[in-house]
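Survey of secondary and tertiary structure
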Amino acid sequence: MLRRAGPSLRHFLLERKSSSGYSLYSSEAKMSRQVQARRLEGIDKNIWVEFVKLAATYSTVNLGQGFPDFPPPDFLKEAFVRALSGKNHMLHQYTRAFGHPPLVKILAQFFGKLLGRDLDPMTNVMVTVGAYQALFCCFQAFVDEGDEVIIIEPFFDCYEPMVKMAGGTPVFVPLRPKAPKDGKLMSSADWQLDPDDLASKFNERTKAIVLNSPNNPLGKVFSRGELELIADLCVKHDVLCISDEVYEWLVYDGKEHIRIASLQGMWDRTVIIGSAGKTFSATGWKVGWTVGPNRLLQHLHTVHQNSVYHCATVAQDAVAQGFQRELELYGKPDSYFIQLPKELQQKRDWLIQSLDAVGMKPIVPEGTYFLVADISKFKSDVPDVPDSDEPYDSRFAKWMVKNKGLAAIPLSAFYSEAHKNNYNHFIRFCFAKEEATLKAANDILQKWKQEKTSP
Ligand code: PMP
């Protein structure tokens, strides 16, 4: 046996404790310097953490966070099982960092068809851990200190902190509602950009614009004219477009989802972001992707390879099989990309009816599985809190989940701090839910209305 050359580490530590009066194991030795990096200042609060907890504690019906409560299609679940327990045990190991080869190949084929161009699976597609990580890669890869990034309000809330973490400055431009025609319900199409307002946000510091069509939370599907307006400004000012298209298949009433990358001059400056979570109703799988020119994607590679490296192989393999099926059924009635929006349109219409019947005026979404409703008529139910900093819709949504058991998300959560009180009498519902869930929501709303009207 080897003799130790000196005292053991334990002995050394005990010695130090007795001579200096503190132990290295003690929790008393505190750091006096600031622990968190400056880039985290002001972005520590997160709406989802708070509202998910409230929904878990109080809700009987949860129409808050955006995920389906129905299962993904059988063909996808079966593909996962095959990948998990099939003969190819290498599916349990690392795969290619920028995307499992079968998945990038089929995505290149699928999006190549949609965009009408040849895509190289190795350079024009990168797989990410959900669309979230795709967004993170974009901001980290493109945004420098001092760069400005234009964000259209209301927006999926993580854009703002992600721009700030990269050292950039978010510049907001609002969609403005115009009153609908007499007697008609408002549509998400009634929320529009003011062309002059938008143009005024572009300058030499502008690095990128984030486009989200179909848009969460309104469900707005940007028209060709609106996309051309954005595209012209991007080309004129040499600006990139981060195009979050996670709800690309969820469009209703015969609307068309137009990919901004297909417009003149846009392919070279656009990164398309997609999500298997939204596409196949499997948000927990966290498989996302980016599609774009190599001149942009090569920089996403750098962020990706130095952060998460790659996404779970089995899940990627199953998504590849799902896309293979969808490519074969493209445009046919059995395609999931045809069936899902058909089913969701019906669910949207049920929720519209429920809300309209009780006077919570819905804004009819053209896409996504979200619906925003006006709560003005219910104001008298929620106790006023004078001088509260918290937007009214946020207090309303909290009161509603605690007192009625119905969870929704305040629209102010989708606005920047400076603008969160501009449209603070709306809440967002998710209607990607089982029929029974929507019926239970309807029951709550009806009962609530009766209580309001009974003397
Ligand atoms: N973009 C938008 C507009 C979203 O609504 C979401 C999810 N709610 C994401 C990105 C993130 O998608 P994933 O779950 O694939 O990370």
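What counts and what doesn't
Residues numbered from 1 in each chain as written. Predicted model: local features only at pLDDT ≥ 70, side-chain atom pairs only at ≥ 80, totals over all residues. Heavy atoms only, no water. UniProt positions renumbered as here; feature names shortened; annotations may be inferred. Domains from an automatic or database assignment. Buried area = accessible area lost by both parts, 1.4 Å probe. Salt bridge = Lys/Arg side-chain N within 4 Å of Asp/Glu carboxyl O. Polar contact = N/O pair within 3.5 Å; in protein donor to acceptor, adjacent residues only side chain to side chain. Core = buried A, V, L, I, M, F, W, Y, C linked by side-chain atoms within 4.5 Å. Buried < 20%, exposed > 50% of the residue type's maximum accessible area, 1.4 Å probe, protein only. Contact = heavy atoms within 4.5 Å. Near = heavy atom within 4 Å. Areas by Shrake-Rupley, 256 points an atom, 1.4 Å probe, with all protein chains shown as cover. Helix = DSSP H or I, 4+ residues; strand = E, 2+ residues; numbered from the N terminus. Nonpolar A, V, L, I, M, F, W, Y, C, P; charged D, E, K, R; others polar. Pairing = 2+ DSSP bridges. Axes fitted to C-alpha atoms, helices over the stretch in contact; angles between N-to-C directions.

Within an unreviewed UniProt entry, the label attached to the protein chain reads Kynurenine--oxoglutarate transaminase 1, and the organism entered is Cuculus canorus. The record in UniProt for the protein chain states the following under Cofactor (unreviewed entry): "pyridoxal 5'-phosphate". In the Pathway (unreviewed entry) part of its UniProt record, the protein chain is described as follows: "Amino-acid degradation; L-kynurenine degradation; kynurenate from L-kynurenine: step 1/2."

Observations concerning the domain arrangement of the protein chain
Parsing the protein chain into structural domains produces domain 1 (45-70 + 335-453) and domain 2 (74-329). Between domain 1 and domain 2, the C-alpha centre-to-centre distance is 25 Å. Taken as a group, Phe337, Glu366 and Thr368 account for 25% of the area that domain 1 buries against domain 2, more than any other trio of residues on that side. The shortest N-O distance in the salt bridge between Glu366 and Lys255 comes to 3.0 Å. Applying the counting rule to domain 1 against domain 2 returns 24 residue pairs in polar contact (both at pLDDT 80 or more).

Let's talk about the nonpolar core
Of all hydrophobic cores here, the largest spans 141 residues; its most connected members are Phe139, Ile209, Ile230, Met360, Phe396, Met400 and Phe429. Each of domain 1 (45-70 + 335-453) and domain 2 (74-329) gives at least three residues to this core. Contact partners of Phe139, with chain neighbours within four places excluded, come to Val149, Tyr159, Met162, Val163, Ala166, Val210 and Ile242.

A closer look at the site of the ligand
The ligand sits among 13 residues. The nearest are Ala131, Asp244, Tyr247, Ser275 and Lys286. One of the side-chain N or O atoms of Asp244 is found 2.6 Å from a nitrogen atom in the ligand. Considering the ligand on its own, with 400 Å² of exposed area, one finds that the protein chains cover 93% of that surface. For the shell around the ligand, the leading source of residues is helix H5 (residues 130-142), giving three residues. Tallied by class, the residues present in the shell around the ligand amount to six nonpolar, four polar and three charged.

Considering the sheet that holds strand S4 (residues 169-177)
Read from one edge of the open sheet, eight strands run S2-S9-S8-S7-S6-S3-S4-S5, paired in mixed fashion. Each having just a single partner strand, strand S2 (125-128) and strand S5 (191-193) make up the two edges of the open sheet. Strand after strand, the sheet turns through a mean of 25 degrees between neighbouring axes, direction not considered. In this sheet, strand S9 (residues 288-291) lies alongside strand S8 (residues 270-275) in antiparallel orientation, the contact comprising four bridges. Across the sheet, residue Ser275 finds its bridge partner in S9, namely Gly288.

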